[in-house]
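Topology and contacts: notes
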Amino acid sequence: QVQLVESGGGLVQAGGSLRLSCAASGRTFSTYAMGWFRQTPGKERELVAVISWRGGTTYYSDSVKGRFTISRDNAKNTVNLQMNSLKPEDTAVYYCAASKSSTREVVSSSRADYWGQGTQVTVSS
């Protein structure tokens, strides 16, 4: 069992930056691929970024590539999402997720085993 708690959301102007953090409980954190998803009302949940359990492999959706960076610290049981050059279309609830599957499987399925409660990110124009 893994429990995930996100923090760092908020309101920012377009072009600004935010850093989301996700704190995970459990001794097996380092064995999970970790991802960030986002969702806006009326839309399907979108995979934003994924990082492998060792941190050596990352994936980004085309909509955030070059602007967002995912990282993890297995010693601290944390995963972060640095978001730069934010756009109004980045406005969403962002969810941290943990998966027992490989990074490739997370990308292909957009599924995870454990989810955080979500944190709101609002980008004003």
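Data block above holds the structure.
Numbers given to residues run from 1 along each chain, matching the order in which its sequence is written. Owing to the predicted nature of the model, reporting of local features is limited to residues with pLDDT of at least 70; listing and counting of side-chain atom pairs is limited to 80 or more, with chain, interface and lining totals taken over all residues. In computing side-chain values, all of the structure's heavy atoms are included and hydrogens and water are not.

Structural notes on the pairing of strand β8 (residues 78-83)
Each regular strand carries side chains that alternate between the two faces of the sheet. Exposure classes here rest on a 1.4 Å probe applied to the protein chains alone. A residue is buried below 20% of its type maximum, exposed above 50%, and partly exposed in between. In this text, helices come from DSSP runs of H or I with a minimum length of four residues, and strands from runs of E with a minimum of two, each type numbered from the N-terminal end. By the criterion of burial, β8 is predominantly enclosed, with five of the six residues buried. Judged from the six bridges that link them, strand β3 (residues 18-24) and β8 form a sheet pairing that is antiparallel. Residue Ala23 lies in a different strand from β8, and its bridge partner there is Thr78. Taken together, strand β7 (residues 68-73) and the strand that follows it, β8, pair antiparallel across an intervening segment of four residues, in which Asn77 is found at a positive phi of about 55°. Any two strands are treated as partners once DSSP identifies two or more bridges connecting them.

Structural notes on the pattern of salt bridges
Should a side-chain nitrogen of Lys or Arg be within 4 Å of a carboxyl oxygen of Asp or Glu, the pair is scored as a salt bridge. This structure, assessed with the given rule, holds four salt bridges. Note that Glu46 is salt-bridged to Arg38, the shortest N-O span being 2.8 Å. Taking the shortest distance from any N to any O, the salt bridge between Arg38 and Asp90 comes out at 2.9 Å. Note that Arg38 is positioned in strand β4 (residues 33-39) and Asp90 in the loop between β8 and β9 (92-99), a separation of 52 residues in sequence. Judged by relative accessible area, which is 1%, Asp90 ranks as buried.

Honestly, that's just the spatial picture; any functional story needs more than this.
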